[in-house]
Amino acid sequence: MSKSKPIMIISGVALAAVLAGVVSFTAGAPDSGGSSGSSAAAEVSAEPGGPVYPELEAYARRDAADKLALGRADAPVVLIEYADFKCGYCGKFARDTEPELMKKYVDNGTLRIEWRNFPIFGEESDAAARASWAAGQQGRFWEFHKAAYAEGAKEKGFGKDRLDALAKEAGVPDLARFAKDTDGAAARAAVSKDQEQGYSLGATSTPSFLVNGRPIAGAQPMETFVEAIEAAAKTAKTAKAGKSAKPSEAGR
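Cut-off values and rules
- Along each chain, residues carry numbers from 1 onward, in the same order as the chain's sequence is written.
- Since the coordinates come from a predicted model, pLDDT governs what is reported: local features require at least 70, and pairs of side-chain atoms require 80 or more to be given and counted, while whole-chain, interface and lining totals use all residues.
- The basis for the side-chain values is all heavy atoms of the structure; hydrogens and waters are excluded.
- Strand pairing requires that DSSP identify at least two bridges connecting the strands.
- Think of it this way: any DSSP run of H or I at least four residues long counts as a helix, any run of E at least two long counts as a strand, and we number them from the N terminus.
- Contacts were defined at the residue level, with two residues in contact if any of their heavy atoms lie within 4.5 Å.
- Axis definition: a line fit to C-alpha positions, over the contact stretch in the case of helices; interaxial angles, taken between N-to-C directions, run 0 to 180 degrees.
- Definition used for salt bridges: Asp or Glu carboxyl oxygen within 4 Å of a side-chain nitrogen of Lys or Arg.
- The nonpolar core is taken to be a set of buried Ala, Val, Leu, Ile, Met, Phe, Trp, Tyr and Cys residues, with the residues joined through side-chain atoms within 4.5 Å.
- Only protein chains enter the calculation, and the probe is 1.4 Å; a residue is then buried if its accessible area is under 20% of its type maximum, exposed if over 50%, and partly exposed in between.

## A look at the sheet that holds strand β3 (residues 69-70)
By way of backbone hydrogen bonds, the strands of a sheet pair with one another, either parallel or antiparallel. On the basis of which strands lie adjacent, the open sheet formed by five strands has the order β3-β5-β4-β6-β7 and mixed pairing. At either margin of the open sheet sits one strand with a lone partner, and together these are β3 and β7 (214-217). Bridging between strand β4 (residues 77-83) and strand β6 (residues 208-211) involves four bridges; their strand directions are antiparallel. Of the residues in β6, the one forming a bridge with Glu81 is Phe209. Relative to the sheet, helix α1 (residues 88-106) contacts β3, β4, β5 (111-117) and β6, its axis offset from that of β5 by approximately 155°. In this fold helix α3 (residues 141-148) packs onto β3 and β5, with an angle of close to 70° to the strand it touches most, β5.

## Side note on the environment of Arg188
Its location among the elements puts Arg188 in helix α6 (residues 185-200). If near-sequence neighbours (up to four positions away) are discounted, Arg188 is found in contact with Asp126, Arg130 and Asp183.

## Topic: the side chain of Asp194
With respect to the helices and strands, the residue Asp194 is situated in helix α6. Ignoring any residue separated from it by four or fewer positions in sequence, one finds Asp194 in contact with Arg61, Tyr82, Trp115, Arg116, Asn117 and Phe118.

## Let's talk about the pattern of salt bridges
Overall, the coordinates contain 13 salt bridges when judged by the stated rule. A salt bridge links Arg130 to Asp126; the nearest nitrogen and oxygen atoms lie 3.0 Å apart. With Arg130 and Asp126 both in helix α2 (residues 123-136) and four residues apart, the pair spans about one turn of that helix. Residue Arg177 is joined to Asp181 by a salt bridge in which the shortest nitrogen-to-oxygen separation is 3.1 Å. Highlighted residues: Arg177 and Asp181, both in helix α5 (residues 175-182), separated by four residues, approximately one helical turn.

## As for the nonpolar core
Residues Phe85, Leu111 and Phe144 are the most contacted members of the largest nonpolar core, which totals 44 residues. Looking at this core, the elements with two or more residues in it are β4, α1, β5, α2, α3, α4 (160-170), β6 and α7 (222-250). The contacts of Leu111, once residues within four sequence positions are left out, are Leu70, Gly71, Ala75, Val77, Val78, Leu79, Leu101, Tyr105, Val106 and Ile229. In terms of nonpolar packing, the next biggest core, distinct from the first, is built from 12 residues, Leu56, Ile80, Ala203 and Leu210 among them.

Right, dumping it as structure tokens:
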């Protein structure tokens, strides 16, 4: 099995290289990081009309008990976001695009958003990821997410005192439990699981997305996500209609 060499395209737009259906994201990555795979190429781009890899749809957990997800577990479209709280472009997406996607698609049941902690910028990134998971255990992940991605928040860092302050701002009710959970083995395991999933895709940059198996690199404009979600919803609707038609056809 040969190792793939990710190809960087300036400004996080399109790149290639990976294993049999597994993608390599590199735009906006820090200096370190990488992944290996075989030589089958997969295109990753900002284009909503880019290729879809059905095998990547299985990365969606669709767990109704997932505290780091929004929307119906059976929504026709799942957007998976791999992100880091120290990533400026992730913050831009969180402030400018994600709230609109929630209003437009999550609220009507079309879209589910699943978060994956993907800390790639060092110890503070990892601490913030664990803290977000800990906030989620008390039902305050998305409130923590909003506070941590507020304009100017990342410039204040994510030291222990700052994370405690963000938890208070997010309305985490039990701060002692929050502190314990943040430093606990369960948080480390959860973050590691998300990281491993991201790296298995070849992701070395944030934010990186999957929309029903379609990779999108970078904090692209709202229109890119709208077109990708609309296309995925249409495909899901067609597939569902096809499955519904099969029994009657079989009885002819």
